[in-house]
Amino acid sequence: MAPIGGDIPFPGAVRLRFDELDGFSADDHRAAFACLLRSATAALDASPALRPALAVPDDLRAILQAAVALDRHPSDDTCRRFFETHFDPFRVASATGKDAFFTGYYEPLLEASLEPSPAFTAPLLARPDDLKTFAADEPRPAALAGYSAAQVGRDGALSRYPDRAAIESGIASGTYRPVVWLRDWVEVFLVQVQGSARVSLPDGRVLRITYAGRNGHPYTSIGKIIVEETGLSPDALVLDGLKAWLRQHGQAVGQVGRSVMQRNASYIFFETVLDASGDGPIGGAGFALTPLRSIAIDRTLWSYGLPFWVDATLPWMPSGPAARFARLMIAQDTGSAITGPARADLFFGTGEEAGRLAGGIRHHGTFVVLWPKGRGGAPG
């Protein structure tokens, strides 16, 4: 499948009109535009990404420049016209023609320690010095020239780097450097799946934990493993249910809960930054995410900064049944489980309530990319 920089970024795209996007005119376009401005500022300042995606093409860069040049406080109508003037909507489907698949993620808020103790026994690890990676759209450096594509992970790390079980077995020997210590291995696994966290230390300081690299092994859904091997309903393994199941089945080496977690060979490394503001966690694009406006996409297919229209019936409200979710969102993050053009992870925010809502999202719906208007080789 050709990336977004090619002539046809994905097959089967269907050109639409904005008046065919049910609910588009009623969205909060100022909120979507404010989110877009974060992408524009980062792209124009050449701010480094945590997880580089495909380079922003010239025509999208020109649109981001136009966004920065717009009035400091544009009206909602001005913002809506901006999107309609600069982009054309194209519906994205999976390779089999099905609707897109959406999940949710969030930033956990946890207690932690800089040193191990009886209360804090499981470490998040810093990126090892020997972990070599390269960006999604750049040629392999000479150090990787001798390896096959199968040996190099989607994030550019060598898949021959140790897997989860091997990394965990090397912690006691000092092979890896802990960043902070959490209460148990389930919390470590949770933070790795979400890609970030905010942690409070015993002395009152608050740190943000941000992504720093991964070992290159493919991501495996342990929830899917549990469902297939136990017959449990997927509904019983949303976030709280999954954590409870893992803890009930043991976290010591050799116990079922720990063994299941280790069957996801993918391993995420982190770094810490002082939490000096109330902004959200740092996404793959290298700046703070916006709740319910930022999405994670497949960075090997899409550039950061592209707007997407998401329309699905989701259990996304704090109370009540599933309701329609229809809004314009901006690609600002990525994840090893987010693969394919018709796949997105919706960022819900920070803390327990955001986690409860995000954990319940596993739904199909409509996914529309706003493609730079007039760009040669538009999809379809």
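These figures come from a predicted structure and were not determined experimentally.

**Section: the packing of aromatic side chains**
- Evaluated as defined, the whole model comprises 14 aromatic pairs.
- Here the aromatic rings of F18 and F24 are separated by 5.0 Å at their centres, their planes lie at 45 degrees, and the arrangement is tilted.
- Both rings, one in Y176 and one in F269, keep their centres 6.5 Å apart while their planes meet at 25 degrees; by these two values the pair is stacked. Taken together, the residues Y176 in the loop between α4 (164–169) and β6 (178–182) and F269 in strand β9 (residues 268–274) connect sequence positions 93 residues apart. In terms of burial, Y176 and F269 fall into one category: buried.
- Here a set of aromatic residues connected by ring pairs shows up, and it is made of F33, F82, F83 and F87.

**A few points about the pairing of strand β13 (residues 343–350)**
- Among the eight residues that make up β13, seven are buried, leaving the element largely enclosed by the rest of the structure.
- In this sheet, β13 lies alongside strand β10 (residues 294–297) in antiparallel orientation, the contact comprising two bridges. By the bridge assignment, I295 is partnered in β13 with L346.

**Let's talk about the pattern of salt bridges**
- Scanning the entire structure with this criterion turns up 20 salt bridges.
- Of the charged contacts in the structure, one is a salt bridge between R183 and E111, with a shortest N-O distance of 2.4 Å. Separated by 72 residues along the polypeptide, R183 in the loop between β6 and α5 (185–194) and E111 in strand β4 (residues 109–111) bring together distant segments of the chain.
- By relative accessible area, which is 35% here, R183 ends up partly exposed.
- With a relative accessible area of 42%, E111 lands in the partly exposed category.
- The shortest N-O distance in the salt bridge between D240 and K243 comes to 3.8 Å. Taken together, the residues D240 and K243, both in helix α7 (residues 239–248) and three residues apart, mark about one turn of the helix.
- Several salt bridges converge on common partners, so that one network encompasses D77, R80, R81 and E84.

**Comments concerning α7**
- Listed in full, the buried residues belonging to α7 are L239, L242, K243, W245 and L246. Within α7, the buried residues cover an arc of 160 degrees as seen down the axis, which keeps them to one side.
- Along its buried surface, α7 packs onto β3 (100–107), α5, α6 (222–230), α8 (256–262) and α9 (352–358).
- G250 lies just past α7 and shows a positive phi near 90 degrees.

**Some remarks on the side chain of S113**
- In this structure, S113 sits in the loop between β4 and β5 (122–125).
- Residue S113 is classed as buried on the basis of its relative accessible area, which comes to 11%.
- In terms of polar contacts, S113 uses its side chain to reach the backbone carbonyl oxygen of E115, at 2.7 Å.

What counts and how
- Residues numbered from 1 in each chain as written.
- Predicted model: local features only at pLDDT ≥ 70, side-chain atom pairs only at ≥ 80, totals over all residues.
- Heavy atoms only, no water.
- Phe/Tyr/Trp six-rings, centres within 6.5 Å; stacked < 30°, edge-to-face > 60°.
- Helix = DSSP H or I, 4+ residues; strand = E, 2+ residues; numbered from the N terminus.
- Buried < 20%, exposed > 50% of the residue type's maximum accessible area, 1.4 Å probe, protein only.
- Pairing = 2+ DSSP bridges.
- Salt bridge = Lys/Arg side-chain N within 4 Å of Asp/Glu carboxyl O.
- Arc of directions from axis to C-beta.
- Contact = heavy atoms within 4.5 Å.
- Polar contact = N/O pair within 3.5 Å; in protein donor to acceptor, adjacent residues only side chain to side chain.

By themselves these figures say nothing about function.
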